[in-house]
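Tertiary structure, described
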Amino acid sequence: MPAEKVGPNRIMPSDTYTITEKDAYAKLRIGESGIAAQDPISVPTLLNRAARDYPDHPALVHKNAMNVWQKVTYSEYKANVYKVAKAFIKLGLEPRHSVGILAFNSPEWFYSELAAIHAGGIVTGIYTTNSADAVYHVLSTSEANIAIVDDSKQMEKVRSIRHKLPHLKAVVQTLPPYEPFVKREDGYYRWSELEEMDVEDCTEELNKRLARMAINECCCLVFTSGTVGNPKGVMLSHDNITWDAFTIGKRLPGIQYGKEVLISYLPLSHVAAQIVDIFLTLQFAVTVYFADKDALKGTLVKTLQEARPTRFLGVPRVYEKIQEKMLQVAAQNGGIKKMIATWAKSVTLEHHMNIIEGNPSASWQYKVAKNIILSKVKQALGLDRCQTIASAAAPMAPELKKYFMSLDLPVMEAFGMSETTGGHSLTNPDAYNFNTIGRQLPGTETKIHEADDRGHGEICMRGRNIFMGYLNEPKKTEEALDDEGWLHSGDIGYIDDRGFLYITGRLKELIITAGGENVPPVHVEHLVKNELPVVSNAFLVGDQRKYLTMLIALKTEMDAESGAPKDELHHETTAWLKGLGVDYGKLSEIHAAGPCPKVLKAIEEGITRANKFATSNAQKIQKFKLLPHDFSVPTGELGPTLKVKRNVVVKMYEELIESLYRD
């Protein structure tokens, strides 16, 4: 493609694919044919095209102050972005400086992201669960000129560190209630002030910045945590974002322009939510509904019922929560209802298993189950129109996939990293099994580095979705990207003869016992949870130890407001305990009993059953301890996307772990 002299679709000359500075340009990894050779486009061009082709189509749908759904069309969407972009310039946003967004998903999040990019800046999301120190790291590293926050709690975090941020010129709060200093002190604004601001004098400057824009410059930073040190700023270009979003969409079966609906609720600071919710939607003129802040605490199903999405993305914990609720409802059914539901799930799972095994059939039993029984289940979940249900961010247990498949809701598993702009591989309904993370996206490459005699080694990836580099981190960039442009993922896996990709462990999380045995912890943890459904989190320990041990967290209720674990046991746990002949309502009561011998014996028996599936004796669990509470974001064991922070757990329960090895 010939380079344009004027942006936003120009490509600036560069002789390197890898950069670590914001004001540099990276060479694009454009292929010679197929989707890899598609003409690159910028983020502003993506928005302009959607507004041009679907001006009156609903783009964003959100609840207003009266709790009524309010629609924003694509033409209004574009107008709002341009207005905010001019306001950002007026507030002092300089080219190549960032706008940090510390807020829950909302139209203002979308406007701020796209406005920052249009104004020649760089957007960076910040998890709302981050401490003030963690917020400081992101705003400082990205040299943020503007911070967007949604409430007074987040505003206070930024205000407490503002004196250490010389580049920060303005902080904007989107939602009431406001502290007295907002709108009174210099640099603190309400979102309504941006909307009312006279910004026409910034039109010429905005046009100049758009003209200077290049597709191969950084427009987005995603901060990703390693096992040690501060999070690294993953630099993504316009081409990384627009190309990966398009390629992911093309992998989704039957996707239609201007016909799709999805719900935005996963943290937009995470690359998967950002690529899907903001950029895939622009690519295909999707209508986006916004869930409320309590989506992950129980209100998501209500939004699903009202929006009835055609595509849905979740993390494994979301599906676990839905399953728990479904099983709770099923337990209340009478004998005949329970028998019919069990039959329907059985024939449906058998139908899908036949397809997987290459023996497709559409029996009358499956048709009855699908159209008469399971259709009502889908309606109750708000998934009756959903053509794609996907899981990302962490491995999903095969048994959980089978449960949803028995409801005629097969879950596609997506794999990627911040460094791959989100997606790199995805399972397909027509090419499915329970253990794979699918085939690579078209136009990308995957190889196994230093494979052993079984073909297992480090998964490496290459393509237009691979990031530019870590901001101001040349050494770490060199460790991640080799001279041939391959991204070294740190994940251990293999590719089978049909092109399916499998993950079997992680280099940095892989447990290496004192005897030199490599143990993938997630696999072993899933085995235990399959045998003990009342276990919410199982955490394997044993690095450089003589044998493996495990920390066990039983299911308890979660505080609806904070998301922290309660002492009250989950109804599934209390039912399990009654089956053991004990009657406890609180976790502390189990511990007060010694812990209870019957509980310990039942857990031990479950672990013994799980050990039968171990691939070697060295991968069998020898001891365990019961934890005083479940894992959660507020207590520190889980990250914002509900993945276990393994290094944090090891440190937090150091004394308990040591007690497992004292003898």
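Right, let's walk through the structure included here. (Residues numbered from 1 in each chain as written. Predicted model: local features only at pLDDT ≥ 70, side-chain atom pairs only at ≥ 80, totals over all residues. Heavy atoms only, no water.)

Taking every second residue as pointing to the same face, both faces of strand β12 (residues 311–314) are buried, with R311 and L313 on one and F312 and G314 on the other. Relative to strand β13 (residues 388–391), β12 runs parallel, the two sharing four bridges. Its bridge partner lying in β13, L313 is registered against A390. (Buried < 20%, exposed > 50% of the residue type's maximum accessible area, 1.4 Å probe, protein only. Helix = DSSP H or I, 4+ residues; strand = E, 2+ residues; numbered from the N terminus. Pairing = 2+ DSSP bridges.)

Here we take up a nonpolar patch on the surface. Nonpolar side chains collect at one region of the surface, where I336, M339, I340, W343 and W364 lie side by side and expose about 580 Å² of accessible area between them. Counting residues per element, the nonpolar patch draws most heavily on helix α12 (residues 335–356), at four residues. Mapping I336 onto the fold places it in helix α12. (Patch = residues over 30% accessible without salt bridge, like charges linked within 9 Å, V, L, I, M, F, W, Y side chains within 5 Å. Areas by Shrake-Rupley, 256 points an atom, 1.4 Å probe, with all protein chains shown as cover. Salt bridge = Lys/Arg side-chain N within 4 Å of Asp/Glu carboxyl O.)

Evaluated as defined, the whole model comprises zero disulfides. The closest cysteine sulfur to the non-disulfide-bonded C219 is located on C220, 6.0 Å from its own sulfur. A residue is classified by how much of its surface remains accessible, and C219, at 1% relative accessible area, is buried. (Disulfide = S-S within 2.5 Å.)

On inspection of all chains with the given rule, the structure shows five cavities of 30 Å³ or more. In this structure, the largest cavity spans a volume of roughly 80 Å³. As for the largest cavity, its lining consists of Y17, A26, K27, L28, R29, S237, D239, N240, R464, I466, F467 and M468. Considered class by class, the residues forming the lining of the largest cavity number six nonpolar, two polar and four charged. (1 Å grid on protein atoms, 1.4 Å probe; cavity = no way out; pocket = protein on both sides within 12 Å on 5 of 7 lines; lining within 4 Å. Points joined across faces, edges and corners; volume = space filled by probe spheres on them. Nonpolar A, V, L, I, M, F, W, Y, C, P; charged D, E, K, R; others polar.)

As summarised here, the arrangement of the four strands in space is β2-β1-β11-β10, forming an open sheet in which the pairing is mixed. In this open sheet, the two edge strands, each paired with only one partner strand, are β2 (69–73) and β10 (261–264). Neighbour-to-neighbour, the strand axes of this sheet turn through a mean angle of 25 degrees, independent of strand direction. Of the strand pairs in this sheet, β10 and strand β11 (residues 287–290) are connected by four bridges, and their pairing is parallel. Bridge pairing in β11 links L262 to V288. This element, helix α2 (residues 74–91), spans β1 (58–63) and β2 of the sheet and lies at about 80 degrees to β2. Packed on one face of the sheet, helix α9 (residues 271–284) meets β10 and β11 and runs near 150 degrees to β10. (Axes fitted to C-alpha atoms, helices over the stretch in contact; angles between N-to-C directions. Contact = heavy atoms within 4.5 Å.)

Next up on the list: the pattern of salt bridges. Tallying each qualifying case throughout the model produces 34 salt bridges. Among the salt bridges present, the one from R462 reaches E445, with a minimum N-O distance of 2.9 Å. A residue pair is termed long-range when its members are at least 10 positions apart, and R462 in strand β18 (residues 457–462) and E445 in strand β17 (residues 445–449) qualify at 17 residues. The salt bridge involving K476 is made with E473; its shortest N-O contact spans 3.9 Å. Taking relative accessible area as the criterion, K476 reaches 29% and is therefore assigned partly exposed.

Further remarks concern the sheet that holds strand β20 (residues 487–495). With antiparallel pairing, four strands are arranged side by side in an open sheet as β17-β18-β20-β21. Bordering the open sheet on either side are β17 and β21 (501–506), each of which pairs with just one other strand. Adjacent strand axes in the sheet meet at a mean angle of 50 degrees when their direction is disregarded. Two elements, β17 and β18, share five bridges in a ladder whose sense is antiparallel. Bridging across to β18, I448 finds its partner in I459.

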